[in-house]
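What the coordinates show
Residue-level listing of the chains:
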Amino acid sequence: MIGGGQLARMTHQAAIALGQTLRVLAVSADDPAAQVSPDVVIGAHTDLDALRRAADGADVLTFDHEHVPTELLEKLLADGVNVAPPPSALIHAQDKLVMRRRLEALDAPVPRFAAVAGPADVDAFAARVGAPLVVKTARGGYDGRGVTLARDVADARDAAERHLAAGAAVLVEEKVEMRRELAALVARSPFGQGAAWPVVQTVQRDGICVEAIAPAPNLDDDLKSAATQLGLRLAEELGVVGVLAVELFETVDGRLLVNELAMRPHNSGHWTMDGARTSQFEQHLRAVLDYPLGDTAPIAPVIVMANVLGAQQIPQISMDERLHHLFARMPDAKVHLYGKSERPGRKIGHVNIIGEATGSVDDDAYVVEVRERASRAAHWLSHAEWTDGWDPHDAH
Ligand code: AIR
């Protein structure tokens, strides 16, 4: 796996059960996956020699992020390396302009957009669509980086010029009026088998995913099947091998629009580790190894995942001690820590809470309760602070 972050770490965890060893190409021996895999190659994902060393003798090469240049992957393909997903698919997760154009050609719903070569393109688009606008770099952004919400045309023009001056390809999009964000997570094997987990709702703060609710509560049946079919169809048409995440907007007028694609395990699928019969990490391995895919059924009416994001002020008490307190209060919390240093806003772990079997995902009070428990646990782990003021010394 190219990249040694948390996604590689959790993929390695799944590989163990399948009798596989995940070799990782990591930047440093401290990377989350390098800490746990016995087979680590240190190097950069932009260095062909390092990629070749990592691929040597492997059954298949896959990714923990989408940043490996496709030119290098083409060279690996020419060497005979089994690259999954192949660069011809991966390009749609790397370049938002390529992705938007291809999806439009496939008649898949996307926000209105235009490529920007200069300020005149922003003006022309704004004249057609109006403000506010969203200016994005075509490549490189994740967790909200490279995305500017512009209130008016002047703002949008400034943002575009700034990105263009830095040498980036730029696009401008309508600001979609959305009800919420959803994600359709699917997997596809080279054999052509597809499998989909239930569509989830994701909650973002400052462009970073903080929570995922599986399945998405109160989702209209037609939208549910449209999102699932779209995920499976895109995986097929783009030739994806492995997990594909389709990030979606549900608009206020009840439509779906594709925001972004990711071709690897994805934050919106972390709930599957404890909440589905097959986790996304195992499924990604099954898919790239061309095994039959696993059962994607959820094991409870609702499962909520909350990210542990580094706090502004790192707490005095150690993570070990925080964990101790969390487990004392919430024995059912399923915790996944990534072995990362704490920095403000950085994804350092997540918590899954499995809802009681007697509940229903369309019962608002039940979902609110599970969400509160998940976010309270995650906040405790990052801040060493109980959001409800709970004090263990008062509890009997
Ligand atoms: N990642 C990659 N794209 C999106 C995400 N979340 C994961 C990968 C990558 C890690 O985040 O596992 O290696 C990088 O995290 P950080 O906090 O070091 O930037």
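Residues numbered from 1 in each chain as written. Predicted model: local features only at pLDDT ≥ 70, side-chain atom pairs only at ≥ 80, totals over all residues.

**Thoughts on the overall build of the protein**
Just so we agree on the cut-off: Secondary structure follows DSSP: runs of H or I at least 4 residues long count as helices, runs of E at least 2 residues long count as strands, and numbering of each begins at the N terminus. Around each residue's C-beta, the other C-beta atoms within 10 Å are counted; 20 or more make the residue buried, 12 or fewer make it exposed, and counts in between make it partly exposed. All C-beta atoms are placed from the backbone. Whether two residues are in contact depends on their C-beta atoms, placed from the backbone: they are in contact if these lie within 7 Å.
Looking only at helices and strands, the protein has 12 helices and 15 strands in total. Along the first, second and third principal axes, the C-alpha set of the protein runs to 65 × 50 × 40 Å. Within the protein, the fraction of its 396 residues that count as buried is 44%. For the protein, the proportion of contacts with a sequence separation of at least 24, taken over those separated by at least 6, is 63%.

**Focus on the packing of helix 6 (residues 119-129) against helix 7 (residues 153-165)**
Two measures define how a pair of helices packs: the angle their axes make with one another and the distance between the axes. Rules: Inter-axis angles, ranging from 0 to 180 degrees, are taken between N-to-C directions of lines fitted to C-alpha atoms, where helices are fitted over the stretch in contact. Take the far helix as the reference: if the near one is turned anticlockwise from it by less than a right angle, the crossing is left-handed, and if turned clockwise, right-handed. Gly falls in the polar group here, along with every residue not listed as nonpolar (Ala, Val, Leu, Ile, Met, Phe, Trp, Tyr, Cys, Pro) or charged (Asp, Glu, Lys, Arg).
Direction vectors running N to C along helix 6 and helix 7 enclose 145 degrees, while the axes themselves pass 9 Å from each other. Viewed along their axes, helix 6 and helix 7 form a crossing whose handedness is right-handed. Contacts between helix 6 and helix 7 involve P119, V122, D123 and A126 on the former and, on the latter, V153, A156, R157, A160 and E161. Counted by class, the contact of helix 6 with helix 7 contains six nonpolar, no polar and three charged residues.

**With respect to the UniProt feature "binding site: ATP" (unreviewed entry) in the protein**
Here is the rule: UniProt positions are given in the numbering used here, feature names are shortened, and annotations may be inferred rather than shown by experiment.
Using the residue numbers shown here, the UniProt feature "binding site: ATP" (unreviewed entry) corresponds to K96, K136, E173, E174, K175, V176, E181, N259 and E260. Structurally, the position occupied by E173 is in strand 6 (residues 170-174). Looking at E173, the number of C-beta atoms within 10 Å reads 22, which means it is buried. Setting aside residues up to four positions removed in sequence, E173 forms contacts with P111, R112, F113, L133, V134 and K136.

**Side note on the site of the ligand**
Defined as follows: Note on definitions: a residue is near a molecule or strand provided its C-beta atom, placed from the backbone, lies within 6 Å of it. Note that the domain bounds reflect an automated or database-derived domain assignment.
For the ligand, the set of nearby residues contains 11 residues, the closest of which are G3, G5, L7, D64 and H65. Among the elements that make up the shell around the ligand, the one with the highest residue count is helix 1 (residues 6-17) (three residues). Looking at the shell around the ligand residue by residue, the class counts come to three nonpolar, five polar and three charged. In this structure, the shell around the ligand is formed jointly by two domains, domain 1 (6-83) and domain 3 (178-383), each of which donates at least three residues.

**Overview of the environment of G167**
By secondary structure assignment, the location of G167 is in the loop between helix 7 and strand 6. On the basis of neighbour count, G167 is assigned to the exposed category, with 7 C-beta atoms found within 10 Å. Sequence separation of G167 and T137 is 30 residues, and the distance between their C-alpha atoms is 9.8 Å.

**Things to note about the environment of P69**
With respect to the helices and strands, the residue P69 is situated in the loop between helix 2 (48-55) and helix 3 (70-79). Owing to 14 C-beta atoms within 10 Å, P69 belongs among the partly exposed residues under this scheme.

**A look at the packing of helix 3 against helix 4 (residues 87-94)**
So the rule is basically this: Note on angle classes: values under 35 degrees are labelled roughly parallel, values over 145 roughly antiparallel, values of 65 to 115 roughly perpendicular, and the remainder oblique.
Interaxial distance between helix 3 and helix 4 falls to 10 Å at its minimum, and their mutual angle equals 165 degrees. Overall, the two elements helix 3 and helix 4 adopt an arrangement that is roughly antiparallel. Taken as a pair, helix 3 and helix 4 cross one another with a handedness that is right-handed. Across the interface between the two elements, T70, L73 and E74 of helix 3 pack against P87, L90 and I91 of helix 4.

**Here we look at the domain arrangement of the protein**
It is common to report an interface's size as the accessible area lost on association of the parts. By the assigned domains, the protein splits into domain 1 (6-83), domain 2 (112-174) and domain 3 (178-383). A separation of 34 Å is found between the C-alpha centroids of domain 1 and domain 2.

**Topic: the nonpolar core**
To keep it simple, the criterion reads: In these notes, a nonpolar core means any group of buried Ala, Val, Leu, Ile, Met, Phe, Trp, Tyr and Cys residues linked to one another through C-beta atoms within 7 Å.
Judged by nonpolar contacts, the single largest core of 94 residues is most densely connected at A184, L244, V246 and A377. Taken together, domain 1 (6-83) and domain 3 (178-383) each give at least three residues to this core, which thus spans both. The residues touching A184, leaving out its near neighbours within four places in the chain, are A196, V199, A227, T228, L230, G231, V246 and L248. Residues V135, A150, A160 and V172 belong to the second largest nonpolar core, which totals 15 residues.

**A closer look at the pairing of strand 4 (residues 133-137)**
Convention followed: Here, strands pair whenever DSSP counts at least two bridges between them.
With four of five residues buried, strand 4 lies mostly within the body of the structure. Direction of pairing for strand 4 relative to strand 5 (residues 147-150): antiparallel, over a ladder of four bridges. Counted as the bridge partner of V134 is L149 from strand 5. By the bridge criterion, five bridges tie strand 4 to strand 6 in an arrangement that is antiparallel. Bridging across to strand 6, K136 finds its partner in L171.

**Considering the pairing of strand 10 (residues 208-214)**
The buried count for strand 10 comes to six of seven residues, which makes it a mostly enclosed element. In this structure, strand 9 (residues 200-205) lies alongside strand 10, joined through five bridges in antiparallel fashion. Residue pairing in the sheet places R205 in a bridge with I208 of strand 10. Turn length for the strand 9-strand 10 hairpin, with the two strands adjacent in sequence and antiparallel, is two residues, and the turn residue D206 shows positive phi of about 50 degrees. As paired elements, strand 10 and strand 13 (residues 303-309) share four bridges and run antiparallel to each other. When the bridges of strand 13 are listed, I213 appears paired with V304.

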